[in-house]
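Examining the three-dimensional arrangement
In case you want the letters, here they are:
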Amino acid sequence: MEEYLNEQERWERVLAWLREQGPWILGGVAVALAIFGGWHYWQNHVQQRDLAAANRYEQLIDAFTRNDIAGGMRQADELGKEFPATAYADQANLAVARIQVSTHQLDQAAARLQQVLAATKDSELALIARLRLARVQLPQGNADEALKTLDAAKPGAFAARYAQGRGDALLAKGDRDGALKAYREARGDGASTLDTALLDLKIGELAHS
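In this text, all values refer to a predicted model and were calculated from it rather than measured experimentally.

1. Some remarks on the environment of Ala182
Topologically, Ala182 is positioned in helix α8 (residues 176-189). Those residues in contact with Ala182 that lie beyond four places of it in its chain are Ala163, Arg166, Gly167 and Leu170.

Okay, here's the thing in structure tokens:
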């Protein structure tokens, strides 16, 4: 009987504790469920957003492939407005800038590339945009700006391409020795990533002139 009473007392204490702590436990469970539900909703929202942005990006690439420049530009602008926080918006601006360079719209191309630099969270994409911007600034007659653009970042895996870009900018400024040094640096770093035949031609012309 005594053991029964002890067991009963323990059970009553458990019930009392549950009555006291129950609301807090239920509240904690509710919060956990809300957090999980919110996280699941956000994941689904991001996935749907990225799918829609990818579809819009495919449409603009298709338009450019069909030489529908105006249609591709429109798709790029709409993508940027509807999905500004996605990598597809940055990729769209890079694609538009390439078209604009090919049609000699250098100011517009530079503006697109500046937009990528200001918006992208992808460090590698930013390096690509910066390199392309420097290449646009050269035919604009802005060799000094091109050098500043290239020197404003650590190129990492793009070191050879950046060195070649600096060589082109220095040559445009008339600094043949500086250009030769930069080209040789590019040649040493990027044998597998650059057009070495063209680079060797530039080095040869500067080294023997």
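2. Quick word on the packing of helix α3 (residues 87-102) against helix α4 (residues 106-119)
At a minimum axis separation of 8 Å, α3 and α4 run at an interaxial angle of 160 degrees. On the basis of their axis angle, the class for α3 and α4 is roughly antiparallel. Here α3 and α4 pass one another in a crossing that is left-handed. Contacts between α3 and α4 pair Asp90, Asn93, Leu94, Val96, Ala97, Gln100 and Val101 from the former with Leu106, Gln108, Ala109, Arg112, Leu113, Gln115, Val116 and Ala119 from the latter. Residue classes in the contact of α3 with α4 are distributed as 9 nonpolar, 4 polar and 2 charged.

3. Observations concerning the nonpolar core
By size, the foremost hydrophobic cluster in this structure holds 21 residues, and its most contacted members are Tyr162, Tyr183 and Leu199. For this core, the secondary structure elements donating two or more residues are α5 (123-137), α6 (143-151), α7 (159-172), α8 and α9 (196-207). Once residues within four sequence positions are removed from consideration, Tyr183 is found in contact with Gln164, Gly167, Asp168, Leu171, Leu199, Lys202, Ile203 and Leu206. By size, the runner-up hydrophobic cluster in this structure holds 13 residues, among which are Leu79, Phe83, Ala92 and Val96.

4. Points about helix α2 (residues 69-82)
Over its 14 residues, α2 extends 20 Å from the first C-alpha to the last, a length consistent with the 20 Å expected when each residue adds 1.5 Å. Within α2, the full set of buried residues consists of Gly71, Gly72, Met73, Gln75, Ala76 and Leu79.

5. Topic: the pattern of salt bridges
Throughout the structure, instances matching the rule amount to 9 salt bridges. The salt bridge involving Arg112 is made with Asp77; its shortest N-O contact spans 2.8 Å. One end of the pair, Arg112, is in helix α4; the other, Asp77, is in helix α2, and 35 residues separate them in sequence. For Asp77, a relative accessible area of 36% translates into the label partly exposed. Between Lys202 and Asp168 there is a salt bridge; the shortest N-O distance is 2.9 Å. With Lys202 in helix α9 and Asp168 in helix α7, the pair connects residues that are 34 residues apart, well separated along the chain. Several salt bridges converge on common partners, so that one network encompasses Arg56, Glu78 and Glu82.

6. Describing unusual backbone geometry
Even without glycine at this site, Asn67 takes up a positive phi of about 65 degrees. You can see Asn67 is positioned in the loop between α1 (2-65) and α2.

What counts as what
Residues numbered from 1 in each chain as written. Predicted model: local features only at pLDDT ≥ 70, side-chain atom pairs only at ≥ 80, totals over all residues. Heavy atoms only, no water. Helix = DSSP H or I, 4+ residues; strand = E, 2+ residues; numbered from the N terminus. Contact = heavy atoms within 4.5 Å. Axes fitted to C-alpha atoms, helices over the stretch in contact; angles between N-to-C directions. Parallel < 35°, antiparallel > 145°, perpendicular 65-115°, else oblique. Left-handed = near helix turned anticlockwise from the far one by under 90°. Nonpolar A, V, L, I, M, F, W, Y, C, P; charged D, E, K, R; others polar. Core = buried A, V, L, I, M, F, W, Y, C linked by side-chain atoms within 4.5 Å. Buried < 20%, exposed > 50% of the residue type's maximum accessible area, 1.4 Å probe, protein only. Expected span 1.5 Å × (residues − 1). Salt bridge = Lys/Arg side-chain N within 4 Å of Asp/Glu carboxyl O.

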